[in-house]
Structure formats: C-alpha cells, structure tokens
Amino acid sequence: MTESSAAVIHTIDLSKHFGAVRAVDELTVAIPKTGITSIVGPNGSGKSTLVNLLSGTLPLDGGIVIIDGVGLRLVKAHESPQHGITRTFQEVRLFEQISAWDNIMVVLTERRLIPSLFERVKPAHRETAERVLREVGMWEKRDAMAGELSYGQRKLLEIGRAMAMNAQTYLFDEPFAGLFPQMLERVKEIVVRMRDQGHTLIFISHNMDIVRELPDHLIVLDSGKLLTEGEVHDVLSRAEVIEAYLGE
Amino acid sequence: MSQLSESIRGLGASGPLRRMPRANVERIATVVVLGWAMGFMLWQGAGFTITLTTIFAIWAILAVSLNLVVGFTGLLSVGHIGFFGIGAYTMAILASDASYDQLRTESIPTPDWPFFAALPICIALAGLVALGVGIVFNRFRDDIFVLVSFGFAIIAFSFFLNLRELTRGAFGIHEIPRPAFGSWALDGEVEFLVFALICLALVVLICWLIVTSSFGRVLTAIREDEEAIAVFGYRVTHFKLAVWVLSAMMAGLAGALLASWTSFIDPNSFILLESMLLIAIVILGGLATIWGSLLGAMAFVLLEEGMRFLPFLPPEFVGQARQVVLGVLLVVLMLFRPQGLVGRYRL
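Notes on the structure in this doc start here.

1. With respect to the sheet that holds strand β3 (residues 36-40) of chain A
Residue and element names in this part refer to chain A. Within the open sheet, the six strands sit side by side as β6-β7-β8-β3-β9-β10. Their pairing is mixed. Each having just a single partner strand, β6 (85-87) and β10 (225-231) make up the two edges of the open sheet. With direction set aside, neighbouring strand axes in the sheet form an average angle of 20 degrees. Alignment of strand β7 (residues 169-173) against strand β8 (residues 200-204), held across five bridges, turns out to be parallel. Paired with Tyr170 across the bridge in β8 is Leu201.

Structure (structure tokens):
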C-alpha cells in the first residue's frame, strides 16, 4: 500500500519514545480507507502505542499523521472525533460508576460547554442509545453500573460506546482478547457488519485465527518499525513474518 | 482513581452496612436525621430552631456546592473554605458601616454599599479567583490535587489574616449590615432565615439543573476516567474549570450570607479545619447526591449545636469535642459505609 489517496490514515516517520525505549520508531504506514485492517506484532512492538498516537491519547514525539488528507503534527484527543476517529482501549476503560445507559449517552450529547448545561436528554439520543445497546446485546443490562458487568459485557459495552460515535474510522485495541467463544462470535459479527456499512476498521489482535479470517489488510510491526504490510495471506506467508512473529 | 483512595476503598471490604440495600439505608438515615432535628427543635423552642436552621442553610449551600466538585467531578478539594472566605470578606469590606470606621483602631476602606449591591460582587469575585486558581489546578489530579487545594486554603487564610489594610487582620470586621429592600431591612431572625432558605433553594435548584443536564453526565464521566472521555470529543479542562468556578461562586454566596448574618467576621471562621469539616459533611451525606449533602449538613449542625447541651461536657470543650466526634464519625463511615449515608459513589 503505497498510494496515500486510498488511505484514511497515513503516518510519516511517526515516533514515540518512553525514555530510551523507541515504542514507535519513525514509522511510515498507510491504512486503507476500505475494509478491515489488522495490526499485529509481538508484545512491545508498538501496536497500542500506535493506536494511542492516532487517537491523541499520547502526544507524538516526531513525524506527522495524515488523516483524510489533513496533516497533523499534534493530534489532540478531544479533536479525534472531528477527524472521524474513535477507539476502544486495551484495558477496557468504561465509566465504571455510572450506568451502561449513561456510558452510551455521554458520547451522544452536546460537546460544547455552555449548550451542554442547558441540554436534557433528547428523543434522538434515546433512540441511538437504545439501538446501539440492542446491537451489542446489552439492552437488558442498561441500568447496571458499568463496573458491575462481566468482562465480556464490558468489552461489548465499550464497542457499543464507540459505535454510538458513528465515526468513519474505528480503532479497536484487542477487541477479541479474553472473550468466550460466544462473545467472540458476537464481536466478529459486529466488526463485519460495520465494515459492510462502509466504516474503516482497524484492530489489534493476537488471535491468529481471527487475523487469518477477518481483515483485508495486515500491518506487521516489530520493535516500533514496520516489518511488512499487505494482503493478509500474502503477508502471513512471508518468511520474515513467520520468523519474527509466529516464532520458529 | 488514585492509590490513596484505592487503599481507603480496600478497608472494611464487606460490612453488613455496606451490603444493606441502598433504599433502606437512605430511608433510615433520612428518618433519623429529620426526626432528630424535629425533636431537638421542639425541645429547644422557636428561637433555637431559627438559629439552627440559618446555620444549616449556610452550611448546606457550602456542602451542596462542594459536592459538585468532589462528588460529581471527583476533584477532592479541601480549599472550598477559601471561596467562602472571599465571599464573606468581600461583603464585609463593601457593606460594613462607614460611620463605625472612626471607632476602629485600624481603618479600612468602607464603601458602605447596601447588601444587594455587594452580593453580586461577592459571588463574582469568588468565581474570578476560582477561575485563576482553577487554570493552574487543572494540571493536577487525584492526590496531588488534594495537596494543592490544601495549599489554596492556607494561602487564602493568610491573606485574610495578613492583608490588614483590607481585612483588619485578626481584629475582624464589625457592623456588616443585613439585607434590605429599600427601607425594609431583614433585621429580624425569621426574615433572614427565610432569605437564607430562598438562597439555599436557588442553589439546590441550580445544582439539580446542572447534574441532570448533559453537562452533569460529562462531569461524572470525568470523575471516572478523564482521559477516556477526552477521546470522545470533550475538552475536559473546560468542563472541570466551569464546575469549579460555579461551585466557588455558590461558596461566595454562602460567605456573604454568613458575614451579613453574624455581622462580624474574622479569619478564624475560614481556617483549614472548617474545610475538613465541610469535606466530612459531603462524604458523610454521600458523594454525588444533593439530598445527601443537605442531610449531611443537617446532621453536622445538629451535632455541633447539640453538644452544647450535653451535661457532662464543659462549655469550653464543646468546640474541640465536635471535631473529635466528626473525625470519629468519618473514620467509622469510611470503614463501614464509604459511599456515605445516601450516596452511591466512592472516592
């Protein structure tokens, strides 16, 4: 993938270091606008850091991010929705001591300070929240505190919260990790459905079965650098990938 | 949240009180506090009731407004008393009787404003100081935030004590007038009480509107995870600053009321300890509940005033005794019911 025109996100020499550790090291990569892209790589290869940089959760140390043709040297977290980006977190970060319902609601309502003071829940908010909660199968649990839900339910709720944003691009940090088969199938269905609706999906995963099955495009990172990228089966058959990632 | 609060939360992990259904505890607490108040007032008569309720109204404004910051937004501020003091001193300086100034050992400027002209300034100044302080404080979180707000309370106190050209330092300021509509001054205790209760009702209404709005929901999300909520398009610092300023303005109002009601203030009303008592009230009543703060304020005032009547307690120890009782109560509550009397949330 070299032509940036078809890319929704393009990074040039993107860098992030923590002390002496180069978590992301002059990474130049393009993520296609259509379909599902999976980011894989060994532990510590910079996958989560990359997602954190793209969503503005971490400030970048160098390089540039081009989102939909707009070049950014500074990605601010609160501006990421304006770039059409939303995300989930590896460690599932919900608003624990508020209800599942309010966890969805809070991403639907007014962002501007003063108008938000005078805004009450609108029917449109309610409809979206209900639709999303039903889609992820959490409607029955809407009144439960997020912190009281099971791990799988929390993952679903977090994905639902991202879906409620109705963004163009979704960054899912390990959406399949730690899920029972039944839940896993549900998340897979959601991801495929979102792709079919025309959204860009980018997810990190360690589950090789899913990586073989779901994505259209694969990005392999190693030590913060791009190892290789391309069509899934093509990439997975390359010698350097087998060596660096799959072992042997 | 923080390590400190994590370790507090770990204590007394499974008490019978904590497992009791919320509705039951809430009902029992409400009945006990209100019953206690009623009984006490009936026993002591009208004059006492009026005084008690006026003190309650002022503390309740403070508690409800502080709960916006502590309970709803998760910023454990122990500096609230500073804004209370700013409101009180602004009222004292602007409104105190100019003719009295000749009798003073140390003279201060006395514009001799009427109460209602000074009141908006009290509220605005508390808000303005909060804005300046808040811009700096916005950089801090959790345990560090507690420490810097601690610092603010101390700095505010030393201003009140040492800025003698304005505050008369330890002498305090006398002859602060009551509110007046034209020639009708609210001199009577009942009139003032009604006025204070109207102020409290307004504050409660505003707080209720805030916490039930979209803004209020964002505050609770900030309390839970401010990094995560930012990703969804919210400028967290603006929201935190806004609630901080609003809360300080309400404290400023409470301060103005106190100054006018007692007609005399000195720095001792605004020491750090009062801030701690205020935090105790908010936690005791319950975080992130307006009703809890009202109940907490009532329980506190009853405790404070009630101790005067204990036969075995010499009058000179009453002040210290209430601190001991409140301190012990706070520890017991943290152990067995960290969410407070009617609260749902924990620090």
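2. Details of the interface of chain A and chain B
In this assembly, 30 residues from chain A lie in contact with 29 residues from chain B. Interface area, chain A with chain B, both sides summed: about 2,700 Å², of which 60% is carbon and sulfur. The tally of links between chain A and chain B comes to three salt bridges. Of all the secondary structure elements, the ones that give two or more residues to the side of chain A that touches chain B are β6, α2 (100-105) and α3 (113-117) of chain A. For the side of chain A that touches chain B, the element with the highest residue contribution is α3 of chain A, accounting for three residues. Among the residues forming the side of chain A that touches chain B, the class breakdown is 13 nonpolar, seven polar and ten charged.

3. Some words on the sheet that holds strand β2 (residues 21-32) of chain A
All names here are of chain A. Spatially, the four strands line up as an open sheet ordered β2-β1-β4-β5, and their pairing is antiparallel. In the strand order of this sheet, the two ends are held by β2 and β5 (70-72), each with one partner. On average, each strand axis in the sheet is tilted by 15 degrees relative to the strand beside it, whichever way the strands run. Where strand β1 (residues 7-18) meets β2, eight bridges bridge the pair, whose relative direction is antiparallel. Bridge assignment links Thr11 to a residue of β2, and that residue is Val29. Relative to β1, helix α1 (residues 47-54) is tilted by about 115 degrees, and along the sheet it contacts β1, β2 and β4 (62-67).

The rules behind each value
- Residues numbered from 1 in each chain as written.
- Chains lettered and ligands numbered in written order.
- Predicted model: local features only at pLDDT ≥ 70, side-chain atom pairs only at ≥ 80, totals over all residues.
- Heavy atoms only, no water.
- Pairing = 2+ DSSP bridges.
- Helix = DSSP H or I, 4+ residues; strand = E, 2+ residues; numbered from the N terminus.
- Axes fitted to C-alpha atoms, helices over the stretch in contact; angles between N-to-C directions.
- Contact = heavy atoms within 4.5 Å.
- Buried area = accessible area lost by both parts, 1.4 Å probe.
- Salt bridge = Lys/Arg side-chain N within 4 Å of Asp/Glu carboxyl O.
- Nonpolar A, V, L, I, M, F, W, Y, C, P; charged D, E, K, R; others polar.

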